[in-house]
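Architecture at a glance
The lines below spell out each chain.
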Amino acid sequence: MANLDGVFRREWGPAVAAIARWSGDLTVAEDAVQEACADALRVWPRDGMPDKPGAWLVTAARNRALDRLRRESVRPGKELAASLEGIMARTERGDPHPVRDDELRMMFTCAHPALERPSQLALTLRLVSGLTVAEIARALLQSEAAVGRRITRAKNKIRHANIPLRVPPAELLPERTPHVLACIYSVFTEGYWSTAGPSAIRDELCDEGVRLAGELCSLMPGSPDAQALAALVLLHDSRRSTRVDGDGALVPLDEQDRRRWDHARIARGLARLRLAAGSTGPYLPQAVIAALHATAPSWEETDWTGICAAYDRLIEITDSPVARANRALAIGFRDGFAAGVEALDAVADDPRLARSNTVASIRADLLRRAGRADQALVWYRKALDCNGSEPALAFLRRRITECQR
């Protein structure tokens, strides 16, 4: 029974989603599934794991939820009886909705635009991914108390604002789907580009981001934007194991051992990319950039013209200053580093980058590659003044040492 944790991780989200739809209460659903998992820890080692562990957990959680509703309700007996009768009727009819529909409802609920982005992320990690509050706190580099409060506030917002546990109606789907996509991408990027803390990568968040993106494609098979997101995270994730060395130090893309990239994952990403044809969102051009890097035989053979064109398309969609800064770096490799510095000048004063070290680090890299080490030193030091993960800061210090030599 050593794989119980993996079973609970896999079945948590669908079970919470099913009980939430059935009971209409996220807190009741979460607590009931947690209690059902505790029951399973007692029963399964003795009696053996059931053939359908997910169905077992949902049944046990329903019983727990019913017990709680009976125990905690303060309504008069007849009103409570009528309410419970309705719930029992839904139970006796069986499940008219597939579990996957329940999962999709939960994703849309957690990513509802009425919730703040940090709350969307924390709620998704708790209710859909099944991470504990302690695990979420470690992943997001926040205190357990802060994460707990954020999740509680989000659930209260859903309850008090009467946010329905459902997939939005067809007319609202186009405006709501980007919130779900962005929330899943945030899960992945929090893991892949750690912004603070001792590690450059948080594996559990990378794994969850890849899993959720794949689940969304299964839930919304006709969505090219979902396919584009799945392609993007797969192609990035194919390089995860080579992004740090044995000591946890960052390894830049041009120094990575391409033989160690996960080529099966690259193939899956490229297959998703083909299914993303027609996507009009920001993930398709980003996935194209990741694909051009993933399929280049070597750093020297990278298709910088194609990458610049993809950045042009991304900027048309998002007008992102980060995209403009990264495009400047790509121009440096395509047209020469002086041209890259000139392109960077056009975005350097964008106030949206005021708290980021993106411009400083890119300018430093362009100047270093151009052989202007003294000027590069100035900008590496400016980049070092900004916050970042400890490996990212250590990488900047390494570049400073190289320039000083």
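These notes cover the structure that comes with them. (Residues numbered from 1 in each chain as written. Predicted model: local features only at pLDDT ≥ 70, side-chain atom pairs only at ≥ 80, totals over all residues. Heavy atoms only, no water.)

In this section: the side chain of Thr109. Looking at the element boundaries, Thr109 is found in helix α5 (residues 99-110). Leaving out residues up to four positions away in the same chain, Thr109 has contacts with Leu115, Ile158, Pro164, Leu165 and Arg166. (Helix = DSSP H or I, 4+ residues; strand = E, 2+ residues; numbered from the N terminus. Contact = heavy atoms within 4.5 Å.)

So, on to the pattern of salt bridges. Under the defined criterion, the tally for this structure stands at 27 salt bridges. The salt bridge involving Arg240 is made with Asp203; its shortest N-O contact spans 2.9 Å. Note that Arg240 is positioned in the loop between α11 (224-237) and α12 (263-275) and Asp203 in helix α10 (residues 203-219), a separation of 37 residues in sequence. Looking at Arg240, the relative accessible area reads 12%, which means it is buried. (Salt bridge = Lys/Arg side-chain N within 4 Å of Asp/Glu carboxyl O. Buried < 20%, exposed > 50% of the residue type's maximum accessible area, 1.4 Å probe, protein only.)

Moving on, we get to unusual backbone geometry. Phi angles above zero are rare outside glycine, and Asn162 is one such case at about 55 degrees. Along the polypeptide, Asn162 turns up in the loop between α8 (144-160) and α9 (173-192). The exposure class assigned to Asn162 is exposed, which follows from its relative accessible area of 64%. For Asp319, which is not a glycine, the phi torsion comes out positive at approximately 50 degrees. Structurally, Asp319 can be placed in the loop between α14 (304-318) and α15 (321-335). You can call Asp319 partly exposed: its relative accessible area is 35%.

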